[in-house]
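# Survey of secondary and tertiary structure
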Amino acid sequence: MAFDISKYREMFVEEAEELFESADNVLLEAENNGSLTEEEMGQLFRDVHTLKGSGASVELTLFAKFTHSVENLMDKLRNHKIEYLPEMAGSLIDALDIMKELLELEVDNELNEEVFQEKTKEQLIIINAYSDGKAASPEVKEEVVVIEQKVEQKEELDESENFGFFDEALDETQNNKPYGIFADDDVSNDTSNDAFGFFDDDLEEVSKTAETAKLKVHEEEDNFGFFDDVAELTPESNIEEQTPSTQVAVQKSTSPAVPATSSKKVDDKKDKTVKKAASTNNIRVNLDKIDLLMNNVGDLVITNAMLTQFTSTIDDTKTRNSVLERLELLERHIRDMQDSIMSIRMVPMESIYSKFPKVIRDISKKLSKKVDFKHFGDNVEIDKAMIEGLTDPLMHIIRNSLDHGLEIPEERINTGKSEVGTITLSAEQANGQMIITIEDDGKGIDHEKVAAKALTNGLIDENQYNTMTNNEKAMLVFGAGVSTADQVTDISGRGVGMDVVKTNIHKLGGALKLDTNMGEGTTITIILPLTLAILDGLDIAVGSQKYILPLSSIVESLQPTSEMIKKIGDGTQDLLMLREEFIPVVRLHDLFGVESTFEKLEDGMLIVVKSGATKVAISIDEFLDQHQVVVKPLDKNFRSVEGIGAATVRGDGSIGLILDILGIINAQLKSDKGITDSKRAS
Amino acid sequence: MAKLLIVDDSTMLRDMLNYALTEGGYTDVVEAIDGVDGLAKAKLASFDLIITDVNMPNMDGLTLISELRKVPAYVKKPILVLTTERSDEMKAKGKAAGATGWIVKPFVPDQLLKAVNIVLSR
């Protein structure tokens, strides 16, 4: 049997990301306050230790090799073999960066011994110098090189013991055991090459009987030797009792003498792990499984709705009512179940926040800016499915704030600000929505510059330019190809980032808001639905068809009068004049090719909907019921139709199409680009 | 059917262990994410063998073993430690804590099974 290494590597890469994040955050804090607590040292060690062990398990040998050196240093730190120096934090952060790079290269099979040497050489000198209790100042570096060579040799010896030698073990004698039973004499022996072992107090007997027993039971296997009753095991036995005594015969003859290296001795002083009351009753569940469960409940909702509908065929009123009563109870239970499943999907915002401190540190260092990163609402919960879509946009916004928003310290002092800039990230839940704000106290967005650029790029025209508010102009940074950076940096400034932000947020069914004041800073607000799985929908009739409109997008609905409708252009485009505001009208009949039952808009209904700051009025026949719908994605087999976002199954078993407001707005903009000119004709 | 408990803070390693054990015919495997979780789960059910990692948050593997040895049901049950080190010190500490044996990490499935078969057949 062998492992599917690629599968486990994938898992490891995911796990490594978390471990790196955890270690980075500890080190970032250490860098800021110049010290490390016992607990933090323990955590650092464990993180790196797991990285090494798991990395080696998925055959990332070179990654594990370098990580081993880092682990060695962390081990010494936590055991106080060496003292923590404030400058170590920076070096360790750099070392983690190298580990990340090595991991990526090795996973992509692009790492060989040569590249490894080149990438790690310098950092190893520093790390090993620290491990040897030397400060890694340039003066000692030369001296360190000599020591370094020795250390490296030792390290290699270590490596051969710790991983990558299983094949050898299989071929060789008993000495290279991958496991073993502990016996007293094991400890005294040079059994360092054993890959397994069993402890047993019944040593003398064991060592004598081992061979024969082994031959009897496991004739072809000579990779291990001892097994005996464990009954003799006593928890009280301690290290002192295990003085060198008898040697296990089978091992004595071929055991190579392995020098005890410094890294091993460290274990002597192993710290007592602090027992913490932690939430350990957790299991990791694949999100797909939860989605499936949600889907199942969705089907249950549908079946329930079918049953409810079926009751109309029951003639006897008394029977019908009592059936309905019970069905209501069932519906309540299903709703509770939905809520419970939703709560499984929710994770704290902290899981997103924790990705930022490292990025902010790296970028601010690069730009020589000073930043204080604050975050609020760490425990506010968000649908796990949204995290992926939200992380990138947040990262883009923060990078932009750092790059274009915050000023360099001198400039800040000159303008009377504190030299340290602040970026604040906060999250809260309100009105069934998730509100995330990213605030910086930088120089703000030069709305005129943005608008001028958008004008040049043809994103807006003169008319729009003249009627836009400052915030609306600044909002144009979310348009494609707009960047105010005079020089493109490798951090941001290519004008693609913010465009992606807008697209991603819209994909999540969210909206963006931007407030900026020159010289004071910028606040970007992201408004998201709490979940992507269920929405409150309104059934609307369009000709002979029924569609579902997400309730959250509805601003208002009305029966228009002929005075409210204005025609522009060649007379094909209608505008709704509503309280001094002109809103373009979209005839859903035309958009979806449904035969219209009325000609004049005032004979139908209008619903004003919005996505972000853009409003349109959609023309429909009438409103029907309002109900909760379980959102099901449209199969990829179908060609996407602009204006249709997803589907659901109705109570009667038929398919309902859910309207995508952003898509409708886009379709409207495409059909008549000039229309928005007169949007603010008032 | 032998009931096994594996304790490791790495999901990936638990997966690898579980896979190897299941393939080897040990289908009744329970996972725990650290010492505290392991101890709690061990007390809730009766396991025939416990395999634990050493370095874990909240409670390390060695502490877990000594704690388990205080529980009457686990005084004599085999416990194997998974370790990346095969130094004498580690073994001494493993033994002192009350472990039955050790398995070096990374492990080869066949060798893991061999070790498991042995301790379970005793």
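Residues numbered from 1 in each chain as written. Chains lettered and ligands numbered in written order. Predicted model: local features only at pLDDT ≥ 70, side-chain atom pairs only at ≥ 80, totals over all residues.

### Side note on the sheet that holds strand E17 (residues 614-620) of chain A
Residues and elements named next belong to chain A. Strand order in the open sheet formed by 6 strands is E12-E16-E17-E15-E14-E13, with mixed pairing between adjacent strands. Every interior strand has two partners, whereas the edge strands, strand E12 (554-558) and strand E13 (565-568), have only one. On average, each strand axis in the sheet is inclined to that of its neighbour by 35°, with strand direction left out of account. Note that E12 and strand E16 (residues 605-611) share 4 bridges and pair antiparallel. Note on E16: the bridge partner recorded for Ser557 is Ile607. (Pairing = 2+ DSSP bridges. Helix = DSSP H or I, 4+ residues; strand = E, 2+ residues; numbered from the N terminus. Axes fitted to C-alpha atoms, helices over the stretch in contact; angles between N-to-C directions.)

### What to know about the packing of helix H1 (residues 11-23) of chain B against helix H5 (residues 109-121) of chain B
Residue and element names in this part refer to chain B. Across the interface, H1 lies against H5 with an axial gap of 9 Å and an inter-helix angle of 65°. When the axes of H1 and H5 are compared, the pair comes out roughly perpendicular. Note that H1 runs across H5; the crossing there is right-handed. Along the contact surface, H1 presents Ala20, Leu21 and Glu23, while H5 presents Pro109, Leu112, Leu113 and Val116. (Parallel < 35°, antiparallel > 145°, perpendicular 65-115°, else oblique. Left-handed = near helix turned anticlockwise from the far one by under 90°. Contact = placed C-beta atoms within 7 Å.)

### As for the nonpolar core
Counting 91 residues, the largest nonpolar core has A:Met99, B:Leu4, B:Ile50, B:Leu80, B:Ile103 and B:Ala115 as its most contacted members. Membership of the second largest hydrophobic core comes to 36 residues, among which are A:Ile460, A:Ile524, A:Ile526 and A:Leu528. (Core = buried A, V, L, I, M, F, W, Y, C linked by C-beta atoms within 7 Å. Buried ≥ 20, exposed ≤ 12 C-beta atoms within 10 Å, placed from the backbone.)

### Section: the pairing of strand E15 (residues 581-587) of chain A
All names here are of chain A. The element E15 is largely enclosed, with a buried count of 5 among its 7 residues. Note that E15 and E17 share 3 bridges and pair parallel. Pairing of Arg587 across the sheet is with Ser619, part of E17.

### Digging into the sheet that holds strand E4 (residues 371-376) of chain A
Residue and element names in this part refer to chain A. Spatial ordering of the open sheet is given by E4-E6-E7-E9-E8, a layout of 5 strands whose pairing is mixed. Unpaired on one side and paired on the other, E4 and strand E8 (511-517) mark the two borders of the sheet. Mean inter-strand twist for the sheet, computed between neighbouring axes without regard to direction, equals 10°. Of the strand pairs in this sheet, E8 and strand E9 (residues 521-529) are connected by 7 bridges, and their pairing is antiparallel. Each bridged residue has a counterpart across the sheet, and for Ala511 the counterpart in E9 is Ile527.

### With respect to the packing of helix H1 (residues 5-33) of chain A against helix H2 (residues 38-57) of chain A
Two quantities define a packed helix pair, namely the angle between the axes and the distance from one axis to the other. Residue and element names in this part refer to chain A. Interaxial distance between H1 and H2 falls to 10 Å at its minimum, and their mutual angle equals 155°. The orientation of H1 with respect to H2, classified from their angle, is roughly antiparallel. Taken as a pair, H1 and H2 cross one another with a handedness that is left-handed. Here H1 contributes Phe12, Glu15, Ala16, Leu19, Ser22, Ala23, Val26 and Ala30 to the contact with H2, which in turn contributes Glu40, Gln43, Leu44, Asp47, Val48, Thr50, Leu51, Ser54 and Gly55. Across the contact of H1 with H2, the residue classes tally to 9 nonpolar, 5 polar and 3 charged. (Nonpolar A, V, L, I, M, F, W, Y, C, P; charged D, E, K, R; others polar.)

### Some remarks on the environment of A:Ile126
Residue and element names in this part refer to chain A. Within the secondary structure layout, Ile126 lies in helix H5 (residues 113-131). Overall, the presence of 25 C-beta atoms within 10 Å leaves Ile126 in the buried class. For the pair Ile126 and Ala95, spaced 31 residues apart in sequence, the C-alpha to C-alpha distance is 9.5 Å.

### Comments concerning helix H12 (residues 287-310) of chain A
Residues and elements named next belong to chain A. Across its 24 residues, H12 extends 34 Å between first and last C-alpha, which sits within 8% of the 34 Å expected from 1.5 Å per residue. Along H12, the positions that sit buried rather than exposed are Met294, Val297, Gly298 and Val301. Check the buried side of H12 and you find it contacts helix H13 (317-345) and strand E18 (622-630). (Expected span 1.5 Å × (residues − 1).)

### Observations concerning the confidence of the model for chain B
One rule of thumb: low pLDDT means the predicted coordinates there are not for detailed reading. Looking at chain B as a whole, the pLDDT averages 89, with 99% of positions reaching at least 70. Two numbers describe this predicted complex: its pTM, 0.53, and its ipTM, 0.84. (pLDDT = per-residue confidence, 0-100.)

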